[in-house]
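Descriptive structure summary
Given next are the chains, with one letter for each unit.
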Amino acid sequence: MALLGRRRSSFLKLAALCGVVWFMAVFVLYSDDARRSVGSGPSGSGAGGVSGGGAVEYEPARRLALEGIRNRFNQFMDNARRDADRPDPEADQQQQQQQPEQLEQDIEDVEVKFVDRNQLGDGGGGGGADQDDLPVAKTHAKQGTPSRPVRLPDDQGGAGIPGVIAPPSEGGPGELGKPVILPKDLSPEIKKLVDDGWAKNAFNQYVADMISIRRTLPDPRDAWCKEPGRYRTDLPPTSVIICFHNEAWSVLLRTVHSVLDRSPEHLVKEVILVDDFSDMPHTQKQLEEYFLAYPRVKIVRAAKREGLIRARLLGARHATAPVLTYLDSHCECTTGWLEPLLDRIARNSTTVVCPVIDVIDDNTMEYHYRDSGGVNVGGFDWNLQFNWHAVPEREKRKHQSAAEPVWSPTMAGGLFAIDRVFFERLGTYDSGFDIWGGENLELSFKTWMCGGSLEIIPCSHVGHIFRKRSPYKWRTGVNVIKRNSVRLAEVWMDEYAQYYYQRIGNDKGDFGDVSSRKKLREELNCKPFRWYLDNIYPELFVPGDAVASGEVRNMGYGNRTCLDAPAGKRNLRKAVGLYPCHNQGGNQYWMLSKTGEIRRDEACLDYAGDDVVLYPCHGSRGNQYWNYSDDTHLLRHGSSDRCLSINEAKNKLIMQDCNPLVEAQRWSFQNYDPSKL
């Protein structure tokens, strides 16, 4: 019995020892797995400096579950890189087609799990969370319901990892710039994801994330652009500078890859991503780790929110190439976009060049483009707002092909290339400008007035997502666009600045010290603004030529009601309104031209038998011709022979048979000067 007891005790001790050994082995494996996660990347310079293909400082990774599942961050990064590094999308498509039935079955049967790229934690956010905690979109390929990009099967490089961006493939979502249209019967979960994407980015991020970051695009160039020997062989390299703030992950990567994939390698010395103090996790270490594989991509981080203008200057300070090319962070470059820009600068370093800016639909991500016959050039109105208009006939007569570079009075400002030395000679941007607004017109004016030229290059096409609103928040109480515009007018517009001031009620506000900018203009021996208007933009209507300018006041019902209407593109073809006169310009600033137009800059009062509306001025009189009598104060419409009046409620314009005894038909124009007729 004693022997049996001793054996039983030995068995218990042995069992306890085995348990301890098992526990220690588990602990070692667990700890080693976590250490490998921490030590897998190099360490070096931290955020706030420049990173790209080199040293990046990492924070310790969170521990993972024993099953060896990597955290969500690494899952996404590894497979996004695999997609981006794919050299031949067509070859991949052929490989996938080798086992079509098996692949289709795998996609149909699997429950696709994905992560919202804009919610990933810094360095892996979520750490030891179970996969079931991830946001889930259930999809079946045969049913055609939308999902985030599907993961590849294990045997095709997907490793069963969720959150993989789909590789480009023939017929894939958005390939060749085609639209991705979501069905109307979305599940509540997916509809919430769609709505969240719109709220964060002011475009359809859900659709953008379905599209490969290296999707194919059509080639919009004319045949003239592709002729052999069209461009010089000794083109200068460029630094491509892309400023961003909390840009959506897939859209930002698609922008960068379109530059790298569709530009000759020797012409892009570097791509500089300027982070304007983003705070979304995916813009931090996730972005740095992704671009470790791309040595030409550098990330420069602002220490505080700077705004677009100062962010661009920050990028320029880190650039090393002789040419600076600026792009927005939600663009896609097409084949052959870069060479035509650099060619013009190589021929004349004082030439500033802009690509044709094609429209990427903010909802479907469809790539819209036109041939060179549909190219527009930039202009502006006296509110100092940029606008597009057709290439003038005088400019068309200078060229044999519509694909040749054309002069443009102004640039939109987001996408352009400029010689670094010339940019610095022009004083870059006015450092007194805040955030954004007016910088495009300032650079346009001084380029022309100080010895350079500005061109639109029809052979260069870059797509841009045009958002209907800005998703970013700024401090309130400061009208930065007005402040910037006043600085612009004070320095560059000479006596013509008065026409802008009239539109802001002659309230310049505190616009700061501009003495250094005026000194720069003097040192550069720049031409007067009158020269710019006469030689570069003679199509612009000059308010000084107007017979009257200011408010148009109705003399009936108390003599306190004025014509009032915004003149933006969204307000064209809408009924012109009425509002109590306030003598502050703005929507109540009108001009009466010598030819009988009642203008809001490039929009004219137009009557075609229904409402009196604003319509783009066409210069053909007709529905836009008004005959004003300073004696009777009647405004007689030329083609209808009726007179402009207001209703008794003073809230609607009406047309009536002319009668000088009706006070509601009588109008007074501010600053009326009959000598200009």
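As the structure is a prediction and not an experimental result, all values here were calculated from the model.

Rules and cut-offs
- Residues numbered from 1 in each chain as written.
- Predicted model: local features only at pLDDT ≥ 70, side-chain atom pairs only at ≥ 80, totals over all residues.
- Heavy atoms only, no water.
- Helix = DSSP H or I, 4+ residues; strand = E, 2+ residues; numbered from the N terminus.
- Buried < 20%, exposed > 50% of the residue type's maximum accessible area, 1.4 Å probe, protein only.
- Contact = heavy atoms within 4.5 Å.
- Areas by Shrake-Rupley, 256 points an atom, 1.4 Å probe, with all protein chains shown as cover.
- Disulfide = S-S within 2.5 Å.
- 1 Å grid on protein atoms, 1.4 Å probe; cavity = no way out; pocket = protein on both sides within 12 Å on 5 of 7 lines; lining within 4 Å.
- Points joined across faces, edges and corners; volume = space filled by probe spheres on them.
- Nonpolar A, V, L, I, M, F, W, Y, C, P; charged D, E, K, R; others polar.
- Phe/Tyr/Trp six-rings, centres within 6.5 Å; stacked < 30°, edge-to-face > 60°.
- Lys NZ or Arg CZ within 6 Å of the ring centre and 35° of its normal.
- Pairing = 2+ DSSP bridges.
- Axes fitted to C-alpha atoms, helices over the stretch in contact; angles between N-to-C directions.
- Core = buried A, V, L, I, M, F, W, Y, C linked by side-chain atoms within 4.5 Å.
- Domains from an automatic or database assignment.
- pLDDT = per-residue confidence, 0-100.
- Expected span 1.5 Å × (residues − 1).
- Polar contact = N/O pair within 3.5 Å; in protein donor to acceptor, adjacent residues only side chain to side chain.

Another aspect to go through is the overall build of the protein chain. Along the protein chain, the regular secondary structure elements total 17 helices and 26 strands. Burial analysis of the protein chain (677 residues in total) assigns 52% to the buried set. Here the contacts in the protein chain between residues at least 6 apart in sequence split such that 75% fall between residues at least 24 apart. Of the roughly 30900 Å² of accessible surface on the protein chain, 50% is carried by carbon and sulfur atoms.

The full count for this structure, using the stated rule, is five disulfides. Residue C225 pairs covalently with C459 via a disulfide, S to S 2.0 Å. Its S-S torsion of approximately -80° makes the covalent link between C225 and C459 left-handed. Placement of C225 in the loop between α6 (205-210) and β2 (238-244) and of C459 in strand β13 (residues 453-465) is noted, with a sequence separation of 234 residues between them. Both residues of the pair, C225 and C459, count as buried. A sulfur-sulfur separation of 1.9 Å characterises the disulfide bridge that pairs C450 with C526. Around the S-S axis, the bridge from C450 to C526 shows a dihedral of about 105° and counts as right-handed. In this pair, C450 is assigned in the loop between α13 (439-449) and β13 and C526 in the loop between α16 (515-523) and α17 (529-535), connecting sequence segments 76 residues apart. By relative accessible area, which is 14% here, C526 ends up buried. For the protein chain, the disulfide bridges join cysteines in the arrangement 1-3, 2-4, 5-6, 7-8, 9-10, where the cysteines are counted in sequence order. With no disulfide of its own, C331 has C333 as its nearest cysteine by sulfur position, at a separation of 6.7 Å.

The full count for this structure, using the stated rule, is four cavities of 30 Å³ or more. Here the largest cavity defines a volume of roughly 70 Å³. Forming the boundary of the largest cavity are V377, P392, R394, E395, W407, S408, P409 and I536. In the lining of the largest cavity, the residues fall into five nonpolar, one polar and two charged.

To continue, consider unusual backbone geometry. Its identity is not glycine, yet A202 carries a phi of approximately 65°, on the positive side. As for its position among the elements, A202 is in the loop between α5 (188-201) and α6. Of the residues examined, A202 reaches a relative accessible area of 4% and is grouped as buried. One non-glycine residue with positive phi stands out, namely N246, at about 55°. For N246, the position within the fold is in the loop between β2 and α7 (249-261).

What follows deals with the packing of aromatic side chains. For the coordinates displayed, the defined rule picks out 23 aromatic pairs. Both rings, one in F380 and one in W382, keep their centres 5.8 Å apart while their planes meet at 75°; by these two values the pair is edge-to-face. Here Y628 and Y672 contribute two aromatic rings whose centre-to-centre distance is 5.5 Å and whose plane-to-plane angle is 70°, an arrangement assigned as edge-to-face. Taken as a pair, Y628 in strand β22 (residues 626-628) and Y672 in the segment after β26 (667-669) lie far apart in primary sequence, 44 residues in all. Exposure remark for Y628: the relative accessible area of 10% places this residue in the buried category. For the cation-ring pair, R312 lies above Y326, with the distance from its terminal atom to the ring centre recorded as 5.7 Å. One Lys or Arg, R600, reaches over the ring of W590 and ends 5.5 Å from the middle of that ring.

Taken together, the four strands give an open sheet; going across it, the order is β17-β16-β15-β26, and neighbouring strands pair in antiparallel fashion. Of all strands in the sheet, those with a lone pairing partner are β17 (577-580) and β26, marking the two edges. Across this sheet, the average inter-strand angle for adjacent strands is 35°, counted without regard to direction.

Another aspect to go through is the pairing of strand β10 (residues 386-390). Bridge analysis of strand β9 (residues 376-380) against β10 gives five bridges, and the strand direction is antiparallel. Counterpart to G379 in the pairing with β10 is N387. Taken together, β9 and the strand that follows it, β10, pair antiparallel across an intervening segment of five residues, in which L384 is found at a positive phi of about 60°.

Ranked by size, the top nonpolar core spans 64 residues in total, and within it F380, W382, F416, F445, F529 and Y532 carry the most contacts. Mapping this core onto the domain boundaries places at least three of its residues in each of domain 1 (223-465) and domain 2 (481-536). Discounting residues that sit within four places of it in the chain, F529 has contacts with F380, W382, F445, M449, W492, M493, D494, Y496 and R521. By size, the runner-up hydrophobic cluster in this structure holds 36 residues, among which are V259, L273, V323 and I357.

Our focus in this paragraph is the sheet that holds strand β21 (residues 612-616). Pairing is antiparallel in the open sheet, where five strands are placed in the order β14-β18-β19-β20-β21. Bordering the open sheet on either side are β14 (548-550) and β21, each of which pairs with just one other strand. Adjacent strand axes in the sheet meet at a mean angle of 30°, parallel and antiparallel pairs treated alike. The pairing of strand β18 (residues 590-592) with strand β19 (residues 598-600) spans two bridges and is antiparallel. Among the inter-strand pairings, L592 is bridged to a residue of β19, identified as I598.

Turning our attention to the environment of A489. By secondary structure assignment, the location of A489 is in helix α14 (residues 480-492). As for A489 and L384, which are separated by 105 residues in sequence, their C-alpha atoms are 8.8 Å apart. Residue contacts for A489: discarding those within four places in its chain leaves L384, D494, A497, Y500 and Y501.

Attention now moves to the confidence of the model for the protein chain. In this model, the protein chain carries a mean pLDDT of 79, and residues with pLDDT of at least 70 account for 74%. Note on residues 26-165: pLDDT is under 50 here. Beyond four places in sequence and across chains, it has 246 contacts.

Between its terminal C-alpha atoms α7 stretches 18 Å, which fits the 18 Å expected from 13 residues at 1.5 Å a residue. The element α7 is extensively covered by neighbouring structure, given that 12 of its 13 residues are classed as buried. The complete set of buried residues in α7 reads W249, S250, V251, L252, L253, R254, T255, V256, H257, S258, V259 and L260.

So, about the side chain of T350. For T350, the position within the fold is in the loop between α10 (338-347) and β7 (351-360). Exposure remark for T350: the relative accessible area of 15% places this residue in the buried category. At a separation of 2.7 Å, a polar atom in the side chain of T350 contacts the side chain of N348.

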